[in-house]
Amino acid sequence: METKQELRTIVRNLKKAIPFDEKKARSADIWRKVLELSCMRGAKTVLLYWSMNDEVYTHDVVQALAETEMVLLPVVDGDDLRIKQFRGLDNMRAGEQFGIGEPTGDDYSGPIDVIVVPGVAFDRHCNRMGRGRGFYDRLLKTADAVKIGVAFDFQLFDSIPTEPFDVRMNCVVSETETLWNGGE
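Throughout this document, residue positions are counted from 1 along each chain, in the order its sequence is written. Predicted model: local features are reported for residues with pLDDT of at least 70 only, side-chain atom pairs are reported and counted for 80 or more only, and whole-chain, interface and lining totals are derived from all residues. Heavy atoms from the whole structure form the basis of all side-chain values; hydrogens and water molecules are not counted.

Where do I start with the overall build of the chain in this structure?
Helix and strand counts for the chain stand at 5 helices and 12 strands. The quantity called the radius of gyration is restricted to C-alpha atoms. Its globule counterpart is 2.2 Å times the number of residues to the power 0.38. For the chain, whose C-alpha radius of gyration is 15 Å, the value lies close to the compact-globule estimate of 16 Å for 184 residues. Counting only C-alpha atoms, the chain reaches 45 × 35 × 35 Å along its principal axes. Think of it in three bands: residues with accessible area under 20% of the maximum for their type are buried, residues over 50% are exposed, and the middle band is partly exposed, with areas taken using a 1.4 Å probe on protein chains only. Across the 184 residues in the chain, those meeting the buried criterion constitute 48%. Between two residues, a contact is recorded if the distance between any of their heavy atoms is within 4.5 Å. For the chain, long-range pairs separated by at least 24 residues make up 66% of all intrachain contacts whose partners lie at least 6 apart in sequence. The Shrake-Rupley method, run with a 1.4 Å probe sphere, supplies the accessible areas, and residue values consider only the shown protein chains as cover. For the chain, the accessible area works out to roughly 9200 Å², and carbon and sulfur atoms hold 47% of it. Positive charge is attributed to Lys and Arg, negative charge to Asp and Glu, and no charge count is given to His or to the chain ends. Where a charge sits is defined by one atom per residue type, namely NZ (Lys), CZ (Arg), CG (Asp) or CD (Glu). Taking the average place of the 24 positive charges on the side chains of the chain and the average place of its 30 negative ones, the gap between the two points comes to 2 Å. Helix numbers and strand numbers start at the N terminus; a helix is a DSSP run of H or I with at least 4 residues, a strand a run of E with at least 2.

Looking at this structure, how should I read the side chain of Asn127?
Following the sequence through the fold, Asn127 ends up in the loop between strand E7 (121–123) and strand E8 (128–129). When its relative accessible area of 12% is taken as the criterion, Asn127 is described as buried.

Any chance you could explain the nonpolar core here in plain terms?
General note: in soluble globular proteins, nonpolar side chains tend to be found buried as a group. The biggest cluster of nonpolar side chains holds 56 residues, and the ones touching the most others in it are Met40, Leu48, Val114, Val116, Ile148 and Val150. Ignoring anything within four residues of it in the chain, the contact list for Val150 reads Ile30, Val34, Tyr49, Val56, Val116, Val117, Pro118, Gly119, Phe122 and Val173. Throughout, nonpolar core names a set of buried Ala, Val, Leu, Ile, Met, Phe, Trp, Tyr and Cys residues whose side chains join them through atoms within 4.5 Å.

Would you mind going over the pattern of salt bridges with me for this structure?
Between side chains of opposite charge, a pair can form as their charged atoms come close. Put simply, a salt bridge is a Lys or Arg side-chain nitrogen that is within 4 Å of an Asp or Glu carboxyl oxygen. Under the defined criterion, the tally for this structure stands at 15 salt bridges. Asp79 serves as the salt-bridge partner of Arg133, at 3.3 Å between the closest nitrogen and oxygen. Here Arg133 is found in the loop between E8 and helix H5 (135–140), whereas its partner Asp79 is found in the loop between strand E2 (70–77) and strand E3 (80–85), with 54 residues between them in sequence. We note a salt bridge from Asp80 to Arg138, for which the minimum N-O separation is 3.2 Å. Highlighted residues: Asp80 in strand E3 and Arg138 in helix H5, separated in sequence by 58 residues. On the accessibility criterion, Asp80 (40% relative accessible area) is partly exposed. Linked by salt bridges that have partners in common, Lys15, Asp54, Glu55 and Arg131 make up one network.

Please clarify how the sheet that holds strand E6 (residues 114–117) should be interpreted in this entry.
Pairing between sheet strands relies on hydrogen bonds along the backbone, with the strands arranged either parallel or antiparallel. Strand pairing is assigned whenever DSSP identifies at least 2 bridges connecting the two strands. With mixed pairing, 7 strands are arranged side by side in an open sheet as E3-E2-E1-E6-E9-E11-E12. Strands with a single pairing partner mark the edges of an open sheet, and in this sheet they are E3 and strand E12 (178–180). Pairs of neighbouring strands in the sheet enclose a mean axial angle of 25°, with direction left out of account. In terms of strand pairing, E6 meets strand E9 (residues 146–150) through 4 bridges, oriented parallel. Pairing of Val117 across the sheet is with Gly149, part of E9. Geometry is summarised by axes, namely lines fitted to C-alpha atoms with helices restricted to the contacting stretch, and by angles between N-to-C directions that run from 0 to 180 degrees. Along the sheet, helix H2 (residues 20–36) makes contact with E6, E9, strand E11 (171–173) and E12, crossing E11 at roughly 145°.

It is not clear to me how empty space enclosed by the protein should be interpreted in this structure. Could you clarify?
Here the idea is plain: a probe the size of a water molecule rolls over the atoms and shows the empty space left. Within this scheme a cavity is a closed region of a 1 Å grid, computed over the protein atoms alone, that accommodates a 1.4 Å probe without allowing it to escape, whereas a pocket is open but has protein on both sides within 12 Å along at least five of seven lines; lining residues each have an atom within 4 Å of a point. Grid points are joined across faces, edges and corners, and a volume is the space filled by probe spheres set on the points. Inspection of every chain in the model, using the stated rule, returns 1 cavity of 30 Å³ or more. Of the pockets and cavities examined, the largest cavity occupies roughly 30 Å³. Lining of the largest cavity is provided by Lys15, Tyr49, Asp54, Glu55, Val56, Pro118, Gly119, Val150, Phe152 and Gln155. All residues other than Ala, Val, Leu, Ile, Met, Phe, Trp, Tyr, Cys, Pro, Asp, Glu, Lys and Arg, Gly among them, are scored as polar; the first ten of these are nonpolar and the last four charged. Tallied by class, residues from the lining of the largest cavity come to 5 nonpolar, 2 polar and 3 charged.

Fair warning: the whole summary comes from geometry, so function is off the table for now.
Right, dumping it as structure tokens:
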């Protein structure tokens, strides 16, 4: 099995080989499947993410879901993520650390029904490997919500290296697969 760093390099190279427009089209296939999940159909408050160019694209789904549900997005604050409500593009700014779009306004501390997160790689046991800074693991370990990972098919592996602090997803959705950790 590859190390985490080797897997990150493999996936980074695979992502670079796919044009952005193709990633965006593949992302639409993933989101169709995510939005059909029963946990999403019943969700009132959903934490998504504002995607970077190499991730499953979220900008359209964030804006569409915000018309009917409360959509939250993370804001990077040092080594942690704070949560804020998405209130439209006029209330977004480029984050200080990574330049990722982040909502402005007050922090959100209420209940969250579903959290959808990106990852570098996932495996068939719903384990997630991120970029290595632990932002999402720190957030997810305290969250009482359904945790969904989204990935392109080439980001799914039979097994990935894990650490005790890694938080397993309840579900991982790719273009062709929906994997459950214990069932829907």
